[in-house]
Amino acid sequence: MHDVVERIGGLLAKLQSPDFYQREEAVKELGSYTQDEAVAGLVLALEDQDLGIRELAADHLAKIGGHTTSQLLIRFLANEDIGTRNLASEILVRIGSAAVPALLRNIDTDDEDVRKFIVDVLGLIGDERAAEAISNKLWDENANVVCSAAEALGEIGSADSIKPLLAVCEKDNDARLQAIEALGKIGDSSVLTHLIDYLEVDDPMVRFAVFEAIGYIGQVESITSLVPYLDSPDNSIAEAALGAIITISNKNRGRADYDLPLDKFTDFLFDGIKSRDEEITDFTLDRLTHWYGSDVVEGLLDVIEHVDDERLKQIQESLGEVGHTAAVLVLKKLASASKTVKQKLLDILRLMIDDQIADQLIPYVGDEDPEVRQRVAHLLGISGWSGAVPKLIQMTEDPNGHVRTAAYAALGWLSTEDHVDNILKGLDDKYPDVREAAVGALVIIGGTRVVAKFTADLHHDDVVRQRLAVTALGWLGETSVIKPLTEAINHPDAGVRKSAIVSLSRMGTQIDTEPIGLALTDENSAVRKAAISALVTLKGSEAVNDIRPCLDDQDLWVRYHCITCIGEMGVADHAAYLLPYLEDDSDIIRIAAAKTMAVLGDEQAVPALSDLMREKNKDLVEAASMAISKIKGDK
Amino acid sequence: MEIAVRECGSVMVLDLSGRLDLASGSALKEEVKKLFGQNRTYVHMNMAEVEFINSSGLGSLVSIMKEVRLLKGRFTLSNLASYVQEIFEITQLSHIFEVFPTEDEALASFQTVSAS
């Protein structure tokens, strides 16, 4: 212990060193002790000439906290240097509740400045234990202390302070403003009638404070008292009243549904959105659905660059409701808009696009921004206006791939067989997205030329194009594709063969199953599996005789697939075909057979299933067990 | 294809089942035309039972959509089977149709618009 005291003594001496690093080292080490001597040294360091050392000492003191620290810091509240006083206050606030007893002990000090500091600090700490002592300061002889006391009571927020604060409002003109603000922060609705009375006082600052306090309290019923002030010839009063209504409305999640003369406040509201005032933005956008008018639309269009995506969507939907009037204003603004705004304006047009608007968008087909051109292509497409087709065909030559993609998609929605040649070019595009968009467009348009093109493409030099062609024929799904798809079952590429079979099975009607049956012996296992599925889809349980040979397929997974498909037919008589596979060499096949037996429920399977129960493979045992339970349960 | 029409407030709901192709697409267009004739331009199609759709079927839906736009009505779809969904993606029709996962969600969207 003696050593520590000696060490701290050495550190205190070091604090007087002219060398910054010596002093800094001393403060750092003092921060590691909790002895009163160390705390005193750190407090002394608050007056160091160097800001870095002062802040370091402050950090340590805030961490150490406690009675001694607080008591010593309170002495600094009387320091002649304002910087030191502020630093001491700040540390006391950081110490928080632990500093409250020391602060309360000194609250009646003779020094009025210190009294004010103590009250301020107690307010910022916000500990309710201080409320009563601070309330007493509402009657302090010094006006600054009284004002601070009112503010501090607002920060603490105790309902016990309401009565003294109301008394201050009545008797003390100097502190009325702070008292009203404090009442607002406490948020108790019982004071509303008192506050409303103060709306008629002459002092505009008090009136503003009352509006704010009423808003803060957030009672929907008080809106009635605020509404008359919306007609005040003094704009600042009217806006303060609206501000309070906005706060109340937002606190009540928009339930404050009063008919308000908002047209008068468009500048105020839209300026609020532009300055990113969250309360005003929420309120304004929430009320858009029943508040139209060209000035409102223009106001909204002016703020679209200041709102987030969610609010932009809200604006978009509201303007979509306004319809053509809004569209005209959007188009007007589009002409002089920046890149980003232009994109947002085009997104807004999406909900109101029609022939006339689409026509007005034609000049933007050549816009310098590809994102604008892409949006324009999309809008022209969804407009349903066939007059846009020539421009869209032009856009399929755009240097930007995304624009070409949008143009081809739009052509699919708008064009007819007459434009097929233009769209077919897209199949040769260097980007897959563009090629897919062209295929999509051709699938919608359909017709003999499209079918002929994809049929020819089945023998394209590029196997990727062959596969795209067979897929496209499947999507076209017309009777005319049956023949080329059936022929494609014998295509040299296995991917094409498989895709042709899948597409034919989906078409369902008028399909000749014989070529698909031949594919059961295809050299490629994926094709054989596709053929099994297709036959089951097309012929149902009658397919069992076609696919049974696949139970002995050379490929394990074809056998597995065949067993599963027979199971899915759900015909009990088919169980007999699967009995031998309960004794297959492969666990996978035996598991599939056991699971199928659980579905089909053939009692003849029980002995073989019982044998499986003695196997080591847990999955096999589980499948067998389930099958036995099912069969016996059924019985 | 079977087409059942029912009324849900301001929305006419069409339950489609079967295959949407050339023949059924024409029948569907006729059915919707009748609704337009009665000033019913809020239309929803529940596609849960549509097992197949081809180029002609898509064309009929596009055609209905164009009509609805002209009449300033609204046309939604729901419950697309995965294969139908796939075709909607490849043709990018999912970008022009309002497609909802369920009929309830689609009908709720009509209510939102009506309320506003």
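Each remark here, short or long, concerns the structure printed above.
Residues numbered from 1 in each chain as written. Chains lettered and ligands numbered in written order. Predicted model: local features only at pLDDT ≥ 70, side-chain atom pairs only at ≥ 80, totals over all residues.

Colleague: Just to check I follow, could you spell out the overall build of chain B for this structure?
Modeller: Helix and strand counts for chain B stand at four helices and five strands. Starting at the N terminus and walking to the C terminus, you meet the elements of chain B as β-β-α-β-α-β-α-β-α. Burial analysis of chain B (116 residues in total) assigns 42% to the buried set. (Helix = DSSP H or I, 4+ residues; strand = E, 2+ residues; numbered from the N terminus. Buried ≥ 20, exposed ≤ 12 C-beta atoms within 10 Å, placed from the backbone.)

Colleague: It is not clear to me how the pairing of strand 3 (residues 42-53) of chain B should be interpreted in this structure. Could you clarify?
Modeller: On any regular strand, side chains alternate: one points to one face of the sheet, the next to the other face. All names here are of chain B. Buried residues dominate strand 3, accounting for nine of its twelve residues. Relative to strand 3, strand 2 (residues 11-20) runs parallel, the two being bridged by eight bridges. Bridge pairing links G18 to V50 in strand 3. Considered for its hand, the β-α-β crossover made up of strand 2, helix 1 (residues 22-37) and strand 3 is right-handed. Strand direction decides the pairing type here: strand 3 and strand 4 (residues 74-78), joined by five bridges, are parallel. Along strand 4, the bridge assignment pairs V43 with F75. The parallel pair strand 3 and strand 4, bridged by helix 2 (residues 55-70), forms a crossover whose chirality is right-handed. (Pairing = 2+ DSSP bridges. Right-handed = clockwise from strand over helix to strand, strands pointing away.)

Colleague: Mind showing me how you'd approach the sheet that holds strand 3 of chain B here?
Modeller: Strand pairing in a sheet relies on backbone hydrogen bonds. The paired strands run either parallel or antiparallel. Residue and element names in this part refer to chain B. If you walk across this open sheet you meet the five strands as 1-2-3-4-5, and the pairing is mixed. Of all the strands in the sheet, just strand 1 (2-8) and strand 5 (98-100) have a single pairing partner and so form its edges. When the angles between neighbouring strand axes are averaged without regard to direction, this sheet yields 25°. On the sheet, helix 2 packs against strand 2, strand 3 and strand 4 and is oriented at approximately 145° with respect to strand 4. (Axes fitted to C-alpha atoms, helices over the stretch in contact; angles between N-to-C directions. Contact = placed C-beta atoms within 7 Å.)

Colleague: Sorry if this is basic, but what is going on with the interface of chain B and chain A here?
Modeller: Accessible area lost upon the coming together of the parts is a frequently used measure of interface size. Of the residues lining the interface, 16 residues belong to chain B; the matching set on chain A comes to 22 residues. Among the elements of the structure, helix 2 and helix 3 (82-90) of chain B are those that each provide at least two residues to the side of chain B that touches chain A. Ranked by the residues each element gives to the side of chain B that touches chain A, the list is headed by helix 2 of chain B, at seven residues. Partitioning the side of chain B that touches chain A into residue classes produces seven nonpolar, seven polar and two charged. (Nonpolar A, V, L, I, M, F, W, Y, C, P; charged D, E, K, R; others polar.)

Colleague: Would you take a moment to explain the packing of helix 5 (residues 66-76) of chain A against helix 6 (residues 82-95) of chain A for this structure?
Modeller: Axis angle and axis distance: for two packed helices, these are the angle between their axes and the distance between the axes, and together they describe the pair. Residues and elements named next belong to chain A. In the contact formed by helix 5 and helix 6, the axes pass within 8 Å of each other and the chain directions differ by 150°. When the axes of helix 5 and helix 6 are compared, the pair comes out roughly antiparallel. Like other packed secondary-structure pairs, helix 5 and helix 6 cross with a definite hand, here left-handed. Between helix 5, through T69, S70, L73 and F76, and helix 6, the contact on the second element is made entirely by T84, R85, A88, I91, L92 and I95. Of the residues belonging to the contact of helix 5 with helix 6, the class tally is six nonpolar, three polar and one charged. (Parallel < 35°, antiparallel > 145°, perpendicular 65-115°, else oblique. Left-handed = near helix turned anticlockwise from the far one by under 90°.)

Colleague: Please clarify how the environment of E436 of chain A should be interpreted in this entry.
Modeller: Residue and element names in this part refer to chain A. Of note, E436 is situated in helix 28 (residues 432-445). When the 23 C-beta atoms within 10 Å are taken as the criterion, E436 is described as buried. Through-space distance from the C-alpha of E436 to that of G426 is 8.4 Å; in sequence the pair is ten residues apart.

Colleague: Mind showing me how you'd approach the pairing of strand 4 of chain B here?
Modeller: All names here are of chain B. With respect to burial, strand 4 is a largely interior element, four of its five residues being buried. The pairing of strand 4 with strand 5 spans three bridges and is parallel. Each bridged residue has a counterpart across the sheet, and for T76 the counterpart in strand 5 is E98. Once you follow strand 4 into helix 3 and on to strand 5, the crossover reads as right-handed.

Colleague: Would you take a moment to explain the nonpolar core for this structure?
Modeller: The nonpolar side chains of a soluble globular protein tend to be buried, and buried together. Residue and element names in this part refer to chain A. Of all hydrophobic cores here, the largest spans 231 residues; its most connected members are A150, A594 and M597. The residue makeup of this core includes at least three contributed by each of domain 1 (446-569) and domain 2 (574-635). In this structure A594 touches L582, L609, L612, A623, A624 and A627, once residues within four positions along its chain are discounted. (Core = buried A, V, L, I, M, F, W, Y, C linked by C-beta atoms within 7 Å. Domains from an automatic or database assignment.)

Colleague: Would you mind going over the packing of helix 16 (residues 235-251) of chain A against helix 18 (residues 278-286) of chain A with me for this structure?
Modeller: All names here are of chain A. Put simply, helix 16 and helix 18 touch, their axes get as near as 9 Å, and they point 75° apart. Considering the angle they form, helix 16 stands roughly perpendicular to helix 18. Facing I246, T247, S249 and N250 of helix 16, the residues of helix 18 in contact are E279, I280, D282 and F283. Grouping the constituent residues of the contact of helix 16 with helix 18 by class yields three nonpolar, three polar and two charged.

Colleague: Would you take a moment to explain the environment of I8 of chain A for this structure?
Modeller: All names here are of chain A. Here I8 shows up in helix 1 (residues 2-14). The exposure class assigned to I8 is buried, which follows from the 21 C-beta atoms found within 10 Å. Separated by 29 residues in sequence, I8 and E37 have C-alpha atoms that sit 7.1 Å apart. In contact with I8, other than residues within four places in its own chain, are L30, Y33, Q35, E37, A38 and G41.

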